[in-house]
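In case you want the letters, here they are:
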Amino acid sequence: MNLRQISFLVLFLPLLFNSCKEEKKPEEQKIHSKFQLDDDYYEFQGFNMSDFDIPVMMMLPDETANIGASTKAEVIHTEGDFKWELYLGSNFHMLIDDWGDYTDMVVSRKKELQELDFYKIKYLIDEKDFILYEQELMPKGLDKVSNSVGVPHKSYHVYAEKVIDGVTYVFKSSDEGAEKLIIELMSKSIKSIKPLKSEKEA
């Protein structure tokens with residue numbers, strides 16, 4: 001190998017490796033990387049749900065989040081029931097279901113969404129136990145809804161599962177969904193959920 005060949009390798013091999021790395025980047029990124037949840041919980045406050053039979057701490061938006069949120073969360077739950085409704089003002093409405101030892105709830109939900117005839121579903125975040133999606137009413141489904149529904153009609157939804165003390169809980173937005181900002185904040189609340197230590201563990 002002469003000096004010219006060595007110079008060629010020294011100059012062009014790094015460029016070749018860099019171009020290969022750059023080509024791989026799009027494959028590694030998720031398709032819906034435009035929508036990302038940050039880790040900033042500055043406008044949130046902790047909410048202990050153990051008083052409502054769910055042993056978790058969750059971060060909820062406070063009054064500075066500019067969503068018309070009340071400073072106090074309201075939880076509707078009948079003792080012994082498997083459903084909860086969490087309200088924070090008039091816009092933030094989260095549903096929680098206890099599914100016992102069932103698993104793969106997000107997988108099941110995605111199958112349900114796939115079977116919807118009149119909606120186009122676009123996943124903004126698609127993870128094994130967490131999905132955030134945009135739901136758009138397709139033109140062929142417009143005659144199935146009331147005249148009050150505008151065209152185009154888009155709503156945003158979140159659906160997640162958390163296993164806490166061996167029990168699977170589903171945390172989700174209401175069926176009607178909400179505007180993007182509300183669902184983003186709700187998603188951050190769900191992502192913040194941490195199990196509380198039991199008295200035995202403490």
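Given the structure is predicted, the values throughout are model-derived calculations rather than measurements. (Residues numbered from 1 in each chain as written. Predicted model: local features only at pLDDT ≥ 70, side-chain atom pairs only at ≥ 80, totals over all residues. Heavy atoms only, no water.)

1. Side note on the layout of surface pockets
Inclusion rule: Cavities and pockets are defined on a 1 Å grid built over the protein atoms alone: a cavity is a set of grid points where a 1.4 Å probe fits but cannot escape, while a pocket is an open set with protein on both sides within 12 Å along at least five of seven lines, and lining residues are those with an atom within 4 Å of any such point. Grid points are joined across faces, edges and corners, and a volume is the space filled by probe spheres set on the points. We count a stretch as a helix when DSSP gives it H or I for four or more residues in a row; a strand needs E for two or more, and each element gets its number in order from the N terminus. Note on residue categories: nonpolar means Ala, Val, Leu, Ile, Met, Phe, Trp, Tyr, Cys or Pro, charged means Asp, Glu, Lys or Arg, and polar means any other residue, Gly included.
Quantified by volume, the largest pocket comes out at close to 270 Å³. Lining the largest pocket are 19 residues, with Arg-109, Glu-112, Tyr-159, Lys-172 and Asp-175 sitting closest to its centre. If you tally residues by element for the lining of the largest pocket, the top one is helix 2 (residues 105–114), at 5 residues. Residues belonging to the lining of the largest pocket are distributed by class as follows: 9 nonpolar, 5 polar and 5 charged.

2. Regarding the sheet that holds strand 6 (residues 119–127)
The following threshold applies: At least two DSSP bridges between two strands are required for those strands to pair. Angles here are taken between N-to-C directions and fall from 0 to 180 degrees, while the axes themselves are lines fitted to C-alpha atoms, restricted in helices to the stretch in contact. Whether two residues are in contact is decided by their heavy atoms, any of which lying within 4.5 Å being enough.
Spatial ordering of the open sheet is given by 3-4-5-9-8-7-6, a layout of 7 strands whose pairing is antiparallel. Edge positions in the open sheet fall to strand 3 (74–76) and strand 6, since each of these has one partner strand only. Within this sheet the neighbouring strands show an average axis-to-axis angle of 20°, counted without direction. Sitting on the sheet, helix 2 is in contact with strand 6, strand 7 (130–137), strand 8 (154–164) and strand 9 (167–173), with an inclination near 10° to strand 7. Here helix 3 (residues 180–191) sits on the sheet and contacts strand 5 (92–98), strand 6, strand 7, strand 8 and strand 9; the angle it forms with strand 8, its principal contact strand, is near 5°.

3. Topic: the pattern of salt bridges
Basically, it comes down to this: By definition here, a salt bridge exists when the distance from a side-chain nitrogen of Lys or Arg to a carboxyl oxygen of Asp or Glu is within 4 Å. Between buried and exposed lies partly exposed: a residue is buried under 20% and exposed over 50% of the maximum accessible area for its type, with that area taken using a 1.4 Å probe on protein chains only.
For the coordinates displayed, the defined rule picks out 6 salt bridges. The partner of Lys-154 in a salt bridge is Glu-134, and the shortest N-O contact between them spans 3.9 Å. On the criterion of sequence distance, the pair formed by Lys-154 in strand 8 and Glu-134 in strand 7 is long-range, its members being 20 residues apart. For Lys-154, a relative accessible area of 43% corresponds to the partly exposed category. We classify Glu-134 as buried; its relative accessible area is 10%. Among the charged side chains, a network of salt bridges with common partners joins Lys-83, Asp-97 and Lys-172.

4. Details of the packing of aromatic side chains
The following threshold applies: The aromatic pairing rule takes the rings of Phe, Tyr and Trp, using the six-membered ring of Trp, and pairs them if the centres are within 6.5 Å, calling planes under 30 degrees apart stacked, those over 60 edge-to-face and the rest tilted. Charge-over-ring placement is defined geometrically: NZ (Lys) or CZ (Arg) within 6 Å of the ring centre, and within 35 degrees of the ring normal.
Per the counting criterion, the structure on display carries 6 aromatic pairs. Aromatic pair Tyr-41 and Phe-44: ring centres 5.1 Å apart, planes at 75°, arrangement edge-to-face. With a relative accessible area of 22%, Tyr-41 lands in the partly exposed category. The positively charged end of Lys-188 is found above the aromatic ring belonging to Tyr-41, 5.1 Å away from the centroid. In this arrangement the basic side chain of Lys-191 is found over the ring face of Phe-130, its NZ or CZ atom lying 4.4 Å from the centre.

5. Some points on helix 3
Filter applied, for reference: Given the number of residues in a helix, its expected span is that number minus one, multiplied by 1.5 Å.
Under the 1.5 Å per step criterion, the end-to-end length of helix 3 is 16 Å for 12 residues, consistent within 8% with the ideal 16 Å. The set of residues buried in helix 3 consists of Ile-182, Ile-183, Leu-185, Met-186, Ser-187, Lys-188, Ser-189 and Ile-190. Buried residues along helix 3 sit against strand 1 (44–48), strand 2 (56–61), strand 5, strand 7, strand 8 and strand 9.

6. A word on the side chain of Glu-161
To keep things clear, this is the line we draw: Between N or O atoms, a polar contact is any pair within 3.5 Å; within protein, one atom must be a potential hydrogen donor and the other a potential acceptor, and residues adjacent in sequence are included only when both atoms are from side chains.
Tracing the backbone through its elements, the reader meets Glu-161 in strand 8. A polar contact of 3.5 Å, which involves the side chain of Glu-161, links it to the backbone nitrogen of Asp-104. A polar atom in the side chain of Glu-161 sits 2.9 Å from the backbone nitrogen of Met-105. Residue contacts for Glu-161: discarding those within four places in its chain leaves Thr-103, Asp-104, Met-105, Val-106, Lys-128, Asp-129, Thr-168, Tyr-169 and Val-170.

7. Some words on the environment of Thr-103
Positionally, Thr-103 belongs in the loop between strand 5 and helix 2. Exposure remark for Thr-103: the relative accessible area of 49% places this residue in the partly exposed category. Sequence separation between Thr-103 and Val-167 is 64 residues, and the spatial gap between their C-alpha atoms is 9.2 Å. Discounting residues that sit within four places of it in the chain, Thr-103 has contacts with Glu-161 and Thr-168.

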